Amino acid sequence: MFLPKCLKERNSKMKVSWFLHTPFPSSEIHRMLPSRLELLRSVLAADLVGFHTYDYARHFVSACTRILGLEGTPEGVEDQGKLTRIAAFPVGIDSERFIKALELPEVQDHMKVLKQRFAGRKVMLGVDRLDMIKGIPQKILAFEKFLEENPNWRNKVVLLQIAVPTRTDVPEYQKLTSQVHEIVGRINGRFGSLTAVPIHHLDRSLDFHELCALYAVTDVALVTSLRDGMNLVSYEYVACQESKKGVLILSEVLRLDLDYTYVRALPDVCNFLQNVPAYILVCWGCSVSWCRTILVNPWNVTEVASSIGYALNMPADEREKRHHHNFKHVISHTAQEWASTFVSELNVTIVEAQLRTRQIPPPLPIEVAVDRYSCSNNRLLILGFNATLTEPVDTLGRKESQINEWQPKLRPDLREPLRKLCDDPKTTVLVLSGSARNVLDDNFSDYNLWLAAENGMFLRVTTGDWMTTMPENLSMEWVDSVKNVFEYFTDRTPRSQFEVQETSLIWNYKYSDVEFGRLQARDLLQHLWTGPISNASLDVVQGRRSVEGAAIDRILGEIVHNKGMKEPIDYVLCIGHFLTKDEDIYTFFEPELPSEVPASVRPQVPTQVRTSIVGSRAALLMKQNSTSAVEQNKSYAIDGDTLHSMVTDRISLQEGSSVLDLQANDYFSCSVARKRSNSRYCNTPYPIPLPESSMRRYLT
């Protein structure tokens, strides 16, 4: 699992795919590993990750979501703009090899001997490794149950169980061997006779010709593994049954081998159902694919015994129909088809990744930004607070991380550089945050800068008083009803919480169970839309794992007017981790969108911070101290276009000179910790490296 990361570190352009043909555990099992983070991140370094069944692919995505805190999509797992494709690729067999083998003289001779040996009796077959997960004891006990309930079949059916020895030096496997021998001896002594026994048990493997002959003469095959990865016995059996038309009894844990083939062939349906829980997709695919086999719960001895009776008594026409369906699938899903599909998917994934990379803004050119800063005379710096100026928050969901997120602190290493910027008379610094006023006061009260709290609802320069951008007659009657809804969902969603601010309510479920929290958030939004905010002047802005209520505006004009700027702003640097809907701030100063990221191809990214309810239909009034009567009577909506016109109108009042005089190379917008953005550039400030010592230790 460490290999994909090692390969990518050696050559970042190398095409790397990783396939696991054994079971991948659920997230609850994987999280117990000390190296759980390193293992998952190393595998995610690959371009394509494949599993034998959709069930195991879902387990892997769930582990990445629950342990790493990443977002799972219908295509795979996305981390900082890099998408690792996750898919199921059921492995087949070389069916032609088995079909042609039946015509060989040595196979025909074996078939003749077997038919004479078991003449007049139905033959049932089990071929497994002698392993705990193969369910051999449960299979034999089910056969015993069948003989108990059907006395008329006792001398008419025989079970041939091939148990290939494995790990014979391990005590647990030795105990399993003894257990199987004991059960077989008891059943044969109970139901056998001097001339015949109901179970023939072989602790050895068979050569290819013997195995093909055995497949060909068998009436019923039992493949009842308790948990398995790539079990191809069912494929081999079907390939050798063109004349016999035998019946296949298959464990329901193996039915997934063929399911995702059909789901993957219907991308439109997958996209339509992308918000449906994965298990629904699995069940749906199962009804389409392996429906011509008899599916059983291998743990349910009574159910397996009943299925044996149904298979032995099945009419010939039904056997033929079932076999025709299964045979058609086996010959079309071969090992070569799997290899071709896997390599083809890898190439497609690489092409798609290249297209996605072109849509990701390039890293911020720091030297160029500093050089242009030095050459300018009137600079404006707009800085986000949370996840930009704050200390990094641990993604593991630990208690201390949760406290840090709700009590954000300015990073110590940024205090002195920020102070120097604020003391520069040619530089205006604005900190824009969704936090409450007291949080910003605690962090920036001794700095000479502008603060915009609750996403612009409150504004002040640190040497002055807070002012509100909300009109005095804006109704806040919705707060109590929304608060009741938030309290209700906080009680029913463990580890969620909500915060009450002066003009906003935030419900955060980041530390709750991912899937359950997402369902609860969806239900919460439905309650809000049909109840408290149905007729209120509010809008819903969704982000990652939270819901917030606020009235937002960005009043750049107030800063310009307060400082009495007459010299044009000739440099703007805007950096932050803003909500997707709030990223209009990046394009606010743009004469045109960056050519690197055309608007038509910008994807909708998974939201990264929270969901908010915004007073979008409310008119927000500028503070009543502007320089003209026209300006005093003006009200503004909060959408980006109107805001742009608002600032443009105010700029036109600045004594005949333009406040904004930006050249294209004097504006720098940069998103933090989000690569899918409207900004010109992007930056990831807190990468989570894989410790070299840890890598070396586990590789050793």
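In short, a report on the structure. For every chain, the first residue of the written sequence is number 1, and numbering continues from 1 onward in sequence order. Reporting in this predicted model follows two pLDDT cut-offs: at least 70 for local features of residues, and 80 or more for side-chain atom pairs to be given and counted; totals over whole chains, interfaces and linings ignore these cut-offs and use all residues. As a rule here, side-chain values cover all heavy atoms of the structure and leave hydrogens and water aside.

**What about the nonpolar core?**
So, step 1. Only buried Ala, Val, Leu, Ile, Met, Phe, Trp, Tyr and Cys residues count toward a nonpolar core, and they belong to the same one when joined by side-chain atoms within 4.5 Å. Burial here depends on accessible area, computed with a 1.4 Å probe over protein chains only, as a share of the maximum for the residue type. Under 20% is buried, over 50% is exposed, and the range in between is partly exposed. Ranked by size, the top nonpolar core spans 35 residues in total, and within it Ile 93, Phe 98, Leu 125, Val 127, Leu 160, Cys 212 and Tyr 215 carry the most contacts.
So, step 2. Helix and strand assignments come from DSSP, with helices taken as H or I runs of at least 4 residues and strands as E runs of at least 2, each series counted from the N terminus. Per-element accounting of this core gives the leading share, seven residues, to helix 9 (residues 208–217).
So, step 3. We call two residues in contact when some of their heavy atoms are within 4.5 Å. With sequence-adjacent residues up to four places away left out, Tyr 215 is seen in contact with Phe 98, Leu 125, Val 127, Val 233, Glu 236, Tyr 237, Cys 240 and Gln 241.
So, step 4. Within the second largest apolar cluster, 31 residues are counted, among which are Phe 143, Leu 147, Leu 159 and Ile 199.

**Topic: the packing of aromatic side chains**
So, step 1. Here is the rule: rings of Phe, Tyr and Trp (six-membered ring for Trp) pair when centre to centre is within 6.5 Å. Planes less than 30 degrees apart are stacked, more than 60 are edge-to-face, and the remainder are tilted. Counted by the stated rule, this structure contains 21 aromatic pairs.
So, step 2. Between the aromatic rings of Trp 18 and Phe 51, the centroid separation amounts to 6.3 Å while the plane-to-plane angle is 75°, which identifies the pairing as edge-to-face. Residue Trp 18 is found in strand 1 (residues 17–20), and its partner Phe 51 is found in strand 2 (residues 48–51); the two are separated by 33 residues along the sequence.
So, step 3. With a relative accessible area of 13%, Trp 18 lands in the buried category.
So, step 4. Note on Phe 24 and Phe 60: the rings are 5.4 Å apart at their centroids and 80° apart in plane angle, and the pair reads as edge-to-face. Pair noted here: Phe 24 is in the loop between strand 1 and helix 2 (27–30) and Phe 60 is in helix 4 (residues 54–68), with a separation of 36 residues, a long-range link. Comparing Phe 24 with Phe 60, the two get one shared label, buried.
So, step 5. The rings of Trp 18, Phe 24, Phe 51 and Phe 60 are connected pair by pair, giving a single aromatic cluster.

**With respect to the pattern of salt bridges**
So, step 1. Take a side-chain nitrogen of Lys or Arg and a carboxyl oxygen of Asp or Glu: if they are within 4 Å of each other, that pair is a salt bridge. One pass over the structure, following the stated rule, counts 24 salt bridges.
So, step 2. Among the ionic pairs, Asp 47 bridges to Lys 8, the shortest N-O distance being 3.0 Å. Pair noted here: Asp 47 is in the loop between helix 3 (36–44) and strand 2 and Lys 8 is in helix 1 (residues 3–10), with a separation of 39 residues, a long-range link.
So, step 3. Given a relative accessible area of 10%, Asp 47 falls into the buried group.
So, step 4. The buried category is assigned to Lys 8, whose relative accessible area is 16%.
So, step 5. In this structure, Arg 41 and Asp 79 form a salt bridge, with 2.8 Å as the shortest nitrogen-oxygen distance.

So yeah, pure geometry; function would need other evidence.
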